[in-house]
Protein chains: 2
Amino acid sequence: MTLEIISNAKCFGGMQGVFKHSSSSTQCDMTFAVFVPPQAATKACPVLWYLSGLTCSHANVMDKGEYRRAAAHYGIIIVCPDTSPRGDGVPDEAENWQMGQGAGFYLNATQAPWSTHYNMESYIVSELPEIIAQNFNVDMTRQAITGHSMGGHGALTLALKNSNRYKSCSAFAPIVQPSHAEWSSNAFRQYLGDDMAAWRQYDACALIEDGARFPEFLVDQGTSDGFLDSGLRPWFLEQACKAADIPLLLRMQEGYDHSYNFISTFMEEHLSWHAERLNG
Amino acid sequence: MTLEIISNAKCFGGMQGVFKHSSSSTQCDMTFAVFVPPQAATKACPVLWYLSGLTCSHANVMDKGEYRRAAAHYGIIIVCPDTSPRGDGVPDEAENWQMGQGAGFYLNATQAPWSTHYNMESYIVSELPEIIAQNFNVDMTRQAITGHSMGGHGALTLALKNSNRYKSCSAFAPIVQPSHAEWSSNAFRQYLGDDMAAWRQYDACALIEDGARFPEFLVDQGTSDGFLDSGLRPWFLEQACKAADIPLLLRMQEGYDHSYNFISTFMEEHLSWHAERLNG
């Protein structure tokens, strides 16, 4: 597997890189961003996966997420994957930002025409970790995962399904119940088919109801987020965690919206929280 | 004067806004970004002007500059203006990124067809400060100025020409001698005419040679900056400051390039440095 360097620049004492590779999971070229902190020059560092939201690529959080200062302080590698397969040969609904390219929902699609390329779960859980392990000075026994919106959904569900893999999981304004949220249920139907039983493994609340467990979650949610009532509804996660005795620190952040203004404000607190669990 | 709100969102406890207004200096609509720290709710705050480089608008540093955490900590209002007049009626050289829109060089043009709109010096020094004073809880007796590349040139020259206005001045990889640098001398000729005597008031090194003074400067410069030898050449500023007994803290930052990866790394140190001088 050849890793093509798109860019690589010194930042906060470490290196912020962007890389491209041919992916077997998604049958197309995939681009991702990695920040390598200065500590990696002398020792293997833990890794935090940051999964982005609808319409984003690896670049949005790299540009606006303000994670490098804290990552350099705590010595954490930050990997920011893309949100879907991309390219001319990849099916898309160009006029629908909630489906297709930019909207992979971190699942493995089972339905035509999506199932050939839309295998983001395998990409994030299997293929990309191998690439990271091969190319960076990373301690793969210390992994954590976070994400925003659709990426918060990805972080929660992948943590619940791989609880031995990730030491910690947090989320910014996650979609906690995508089977029923208006901006995701159409995508789930197209990717996974009409049988909603197949959707439950990609729905954090349903996974918990069905017995999946994780040690604890940290979730930040802005109170002025325009998607709060229609798509995010963290109270459903609160109910599911309470019923399952999963500790959830849900912080409703007064006046914050859904944007990177919100994410960047609380990024350092999330990195500090993960660092305690990765380095402890 | 009506200020149109383009966006305004809570960030790091303050508000990051983008505003548009009709400008008399540049004879077109101008857009700028302002970060208002939480302290402004209860008291007038000092202001730091950040002038951006070639090809940038107000948005690049707002997205990638990572100034809000420190600005909220120190209680400083950050104003990020655009780099030139813009619009269909504004002369441009669309194929030349070193001239026209995105390349105003913080001067008042004297030559046709540029002189009608390209009056960025008046805009930054006179018109925009009035707008900021009228619309935000700012203490205009405490102003500081900084900038990057072309904007570093702007910060240095405007500070030297208005030494009673600004309490402190720093720069990231500034163009210190634009009359002779290859990426600026063509623009100076078109904006200001063939008589190079008229260029000296827009050239930090020439201003100092001609007697302008400022208490001290802080300048950061990456050693891996691709423009170091052709366009930036901070050693000319070092020579001019030494001859004029102006204290200059020039820090050559090993391995850093010309991008926002460099700027964001040292942004907080610049804000801390200005805060000492604004709040002291």
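Residues numbered from 1 in each chain as written. Chains lettered and ligands numbered in written order. Predicted model: local features only at pLDDT ≥ 70, side-chain atom pairs only at ≥ 80, totals over all residues. Heavy atoms only, no water.

Participant: Looking at this structure, how should I read the overall build of chain A?
Facilitator: A tally of regular secondary structure across chain A gives nine helices and nine strands. Computed over its C-alpha atoms, the radius of gyration of chain A comes to 17 Å, within 12% of the 19 Å expected for a compact globule of 280 residues. The C-alpha extent of chain A, read off along each of the three principal axes, is 50 × 40 × 35 Å. Here chain A, with 280 residues, has 63% of them falling under the buried criterion. Across chain A, every contact between residues at least 6 apart in sequence was considered, and the portion connecting residues at least 24 apart equals 71%. As displayed, chain A has an accessible area near 10,100 Å², and 46% of this comes from carbon and sulfur atoms. Positive and negative side-chain charges in chain A, numbering 18 and 30 respectively, have mean positions lying 8 Å apart. (Helix = DSSP H or I, 4+ residues; strand = E, 2+ residues; numbered from the N terminus. Rg over C-alpha atoms; globule rule 2.2 N^0.38 Å. Buried < 20%, exposed > 50% of the residue type's maximum accessible area, 1.4 Å probe, protein only. Contact = heavy atoms within 4.5 Å. Areas by Shrake-Rupley, 256 points an atom, 1.4 Å probe, with all protein chains shown as cover. Lys, Arg positive; Asp, Glu negative; His and termini not counted. Charge placed at Lys NZ, Arg CZ, Asp CG, Glu CD.)

Participant: Got a minute to help me understand the packing of aromatic side chains in this structure?
Facilitator: A complete count under the given rule lists 32 aromatic pairs over all chains for this structure. Site record: aromatic cluster; members linked through ring pairs are Tyr50(A), Phe172(A), Tyr256(A), Phe262(A) and Phe266(A). Directly above the ring of Tyr67(A) sits Arg68(A), whose terminal nitrogen or CZ lies 4.9 Å from the centroid. Positioned over the ring face of Tyr166(B) is Arg165(B), at 5.8 Å from the centre of the ring. (Phe/Tyr/Trp six-rings, centres within 6.5 Å; stacked < 30°, edge-to-face > 60°. Lys NZ or Arg CZ within 6 Å of the ring centre and 35° of its normal.)

Participant: How do you make sense of the relation of the copies chain B and chain A when you look at a structure like this?
Facilitator: These two copies of the chain differ by a rotation about an axis and a displacement along the same axis. Turning chain B through 180° and shifting it by 0.0 Å along the axis lays it on chain A, with an RMSD of 0.0 Å. Such values leave the two copies arranged in the relation of a two-fold axis. Proximity to the rotation axis, assessed at the C-alpha, singles out Lys64(B) in chain B; its C-alpha lies 2.9 Å from the axis. In this assembly the copies share their binding face: 100% of the residues contributing to the interface of chain B also contribute to that of chain A. (Least-squares fit on C-alpha atoms with pLDDT ≥ 70 in both.)

Participant: Looking at this structure, I do not really get the pattern of salt bridges. What am I missing?
Facilitator: Close approach of charged atoms allows side chains with opposite charge to pair. Tallying each qualifying case throughout the model produces 26 salt bridges over all chains. In this structure, Arg277(A) and Glu216(A) form a salt bridge, with 2.7 Å as the shortest nitrogen-oxygen distance. On the criterion of sequence distance, the pair formed by Arg277(A) in helix H9 (residues 260-279) and Glu216(A) in the loop between helix H6 (204-209) and strand E8 (217-222) is long-range, its members being 61 residues apart. Salt-bridge contacts for Asp210(B) lead to Arg200(B); the nearest nitrogen and oxygen are separated by 2.9 Å. Placement of the pair is Asp210(B) in the loop between helix H6 (204-209) and strand E8 (217-222) and Arg200(B) in the loop between helix H5 (185-192) and H6, with a sequence separation of 10 residues. In this structure Arg200(B) comes out as partly exposed when scored by relative accessible area, which is 30%. Several salt bridges share partner residues, and in doing so they unite Arg69(A), Glu268(A), Arg69(B) and Glu268(B) into one network. (Salt bridge = Lys/Arg side-chain N within 4 Å of Asp/Glu carboxyl O.)

Participant: Got a minute to help me understand the interface of chain B and chain A in this structure?
Facilitator: It is common to report an interface's size as the accessible area lost on association of the parts. If you look at the interface, chain B gives 20 residues, while chain A gives 20 residues. The tally of links between chain B and chain A comes to four salt bridges. A salt bridge links Glu66(B) to Arg68(A), with the nearest nitrogen and oxygen atoms 3.3 Å apart. Only strand E1 (4-11), helix H1 (58-64), helix H2 (68-74) and helix H9 (260-279) of chain B provide two or more residues apiece to the side of chain B that touches chain A. Per-element accounting of the side of chain B that touches chain A gives the leading share, five residues, to H9(B).

Participant: What's the story with the side chain of Gln16(A) in this structure? I'm lost.
Facilitator: Considering the arrangement of structural elements, one finds Gln16(A) in strand E2 (residues 14-23). At a separation of 2.9 Å, a polar atom in the side chain of Gln16(A) contacts the side chain of Tyr67(A). Once residues lying within four places of it in the same chain are set aside, the contact partners of Gln16(A) are Ser7(A), Asn8(A), Ala9(A), Cys11(A), Ala33(A), Val34(A), Phe35(A), Met62(A), Tyr67(A), Arg68(A) and Asn261(B). (Polar contact = N/O pair within 3.5 Å; in protein donor to acceptor, adjacent residues only side chain to side chain.)

Participant: Looking at this structure, I do not really get the pairing of strand E6 (residues 138-147) of chain B. What am I missing?
Facilitator: For a regular strand, side-chain orientation follows a simple rule: the groups alternate between the two sheet faces. Counting buried positions along E6(B) yields eight of 10 residues, so the element is predominantly enclosed. Read as a crossover between parallel neighbours, the route from E6(B) over helix H4 (residues 150-161) of chain B to strand E7 (residues 166-172) of chain B is right-handed. (Right-handed = clockwise from strand over helix to strand, strands pointing away.)

Participant: I'm lost on the pairing of strand E4 (residues 45-51) of chain B in this one. Help?
Facilitator: Residues and elements named next belong to chain B. Counting buried positions along E4 gives seven out of seven residues, so the element sits mostly inside the fold. Sheet topology note: the E4/E6 ladder contains six bridges and is parallel. The residue bridging Leu 51 from the neighbouring strand is Gly 147, located in E6. Taken together, the three bridges between E4 and strand E5 (residues 77-81) define a ladder with parallel strand orientation. Bridging from a neighbouring strand, Val 47 pairs with Ile 77 of E5. (Pairing = 2+ DSSP bridges.)

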